[in-house]
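Given next are the chains, with one letter for each unit.
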Amino acid sequence: MAHIYDTTIYAEYQGFYCEKIEKDEKGRNIFRFWSNRKTSDEVCPCCGSKVSGNGIRKVRLIDVPLVPGEPSVYEVYQHRYRCRDCGKTYTEENPFKVKGFQLTKRCVEWIFQLLKYRMTTSDIAKMMGIHWNTVRKLEKMRMEFAIKKWDQEAQKSTYRPYYLAVDEFAIRKGHRYATCVMDLARGDILWVGKGRTIKDFRQFFDAYAKTDYLSCVKAVAMDMNASYNALVKEYLPDAEIVYDRYHVQAQFGRDVLGKVRLDAARAHKETAKEISADGDSKQQVQQEKKLYSKIKKARWVLLQNKENLRQEKQQSLNEILDTHSDLAVCYAMKEELCALFQITDINEAAQRWAKWFDAAIHSSIPALAKFGRQKFKRLDGLVAHAKFPINTGRLEGFNNKIKVAKRNAYGFRNLDFFFSYIRFLSLPKGVIHQNL
Ligand SMILES: [Zn+2]
């Protein structure tokens, strides 16, 4: 079989020619391209006068490998000229080079194609025999191009988002956070930024300050514990804040039901201790211990929707509620809380939410009363759910893509890259796969 190095070639390409492939000391295949142009045909680009030769400029570019992992190098010898009249010096154009990279156009096209096939950065770097950072830089360029194009088209169009969701996510196991804003109708991630404070979130509004893209926003869904509401009021005074039902329910489950359940469990443990200290019947001690572990394990049963429970679980739940009045009250409040999010009439919602808070605040259960007092100031954003039944669910669903992005973006070495990647992932497929 003939080997590539035994091959004699003659290639001409846009004013350059190459006569053979050679190997350099590092084992790379070198293609030497010389210029075909004649100095006598050249004219100065400034004044149109005759020019003289002014040396040669050698540029090395990496091309697609002939053998995987062994890069091919184009050594391009460009003519330099000097104008005989105005003295301007210039170098003839290099038709192979991609601006900003020591790579040929063909090589970059290959890399974009491999990225389309979801090859990883390190695999591409290895296969093409180029540096990981170079591939990463191209990846970023491709993403930013697509994002910019998408943004420009979106702003030019008549489409404007009505409903937004904003939420935070952990970047590194809860130590660092980022904030993400989604257009709920289209699922576009409009913005991702570091941190979760008011100052961090202001950057989202700054990013859209010069456009009217947010001019039609009617409502914004968010977690009631976050500090996003103040800025929404400031920048989008006509938009309503809607607190996310899942965050509210989760917090109630944790801070109220969870707390009261553990208190009830602990009470049984204490009773068991007292009985055994008094030397009373072992049977009673066993009974209390059993109740302790039963209640301790009841977390899931208490949080679940009653209709979804199997019969024996339902029975067990009823037994617990029948004998623990605090838990029963909180459980009923949880059921009413879920029902409040089904209301679609704004007046009815206002009345029933007020009633709910009244009952919570005036209950004799400390955890419930505290929850009521703390969340009462969020009343408007809870009632608003009746008018705009939106939530952050779609954004939470996007979290799985963020998890994959974390892995692909090598986590957190470069947050800029990571954030661009998140936005890129939310773009429609046609936009992601378009050519640069
Ligand atoms: Zn000139």
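Residues numbered from 1 in each chain as written. Predicted model: local features only at pLDDT ≥ 70, side-chain atom pairs only at ≥ 80, totals over all residues.

### Some points on the environment of Phe417
- When you line up the elements, Phe417 lands in helix H15 (residues 415–425).
- Judged by the 20 C-beta atoms lying within 10 Å of it, Phe417 falls in the buried class.
- When the C-alpha positions of Phe417 and Met141 are compared, they lie 10.0 Å apart, and in sequence the two are 276 residues distant. (Helix = DSSP H or I, 4+ residues; strand = E, 2+ residues; numbered from the N terminus. Buried ≥ 20, exposed ≤ 12 C-beta atoms within 10 Å, placed from the backbone.)

### Looking at helix H3 (residues 132–156)
- End to end, H3 covers 36 Å across 25 residues, agreeing with the expected 36 Å (1.5 Å per residue, within 8%).
- Looking only at H3, the buried set comprises Thr134, Val135, Leu138, Glu139, Arg142, Met143 and Ala146. (Expected span 1.5 Å × (residues − 1).)

### Observations concerning the domain arrangement of the protein
- Here the domain parsing of the protein yields domain 1 (4–97), domain 2 (163–240 + 391–432) and domain 3 (245–386).
- Distance from the C-alpha centre of domain 2 to the C-alpha centre of domain 3: 33 Å.
- Facing the seven residues of domain 2 at the interface are eight residues of domain 3.
- Here the side of domain 2 that touches domain 3 is built from residues that sort into two nonpolar, three polar and two charged. (Domains from an automatic or database assignment. Contact = placed C-beta atoms within 7 Å. Nonpolar A, V, L, I, M, F, W, Y, C, P; charged D, E, K, R; others polar.)

### Section: the pairing of strand S10 (residues 189–194)
- As defined by bridge partners, strand S9 (residues 177–183) adjoins S10 across five bridges and the pair is classed as antiparallel. From the neighbouring strand, Thr179 faces S10, where its bridge partner is Gly193.
- As consecutive antiparallel partners, S9 and S10 are separated by five residues, and within that stretch Gly187 has a phi angle of approximately 80°, a positive value. (Pairing = 2+ DSSP bridges.)

### What about the packing of helix H10 (residues 325–340) against helix H11 (residues 346–361)?
- It is at 11 Å that the axes of H10 and H11 come closest, and there the two elements cross at 160°. With respect to their mutual orientation, H10 and H11 come out roughly antiparallel. In the crossing of H10 with H11, the sense of the turn from one axis to the other is left-handed. In contact with Met333, Glu336, Leu337 and Leu340 of H10, H11 contributes Ala349, Arg352, Trp353, Trp356, Ala359 and Ala360.
- Along the lines of polarity and charge, the residues of the contact of H10 with H11 split into eight nonpolar, no polar and two charged. (Axes fitted to C-alpha atoms, helices over the stretch in contact; angles between N-to-C directions. Parallel < 35°, antiparallel > 145°, perpendicular 65-115°, else oblique. Left-handed = near helix turned anticlockwise from the far one by under 90°.)

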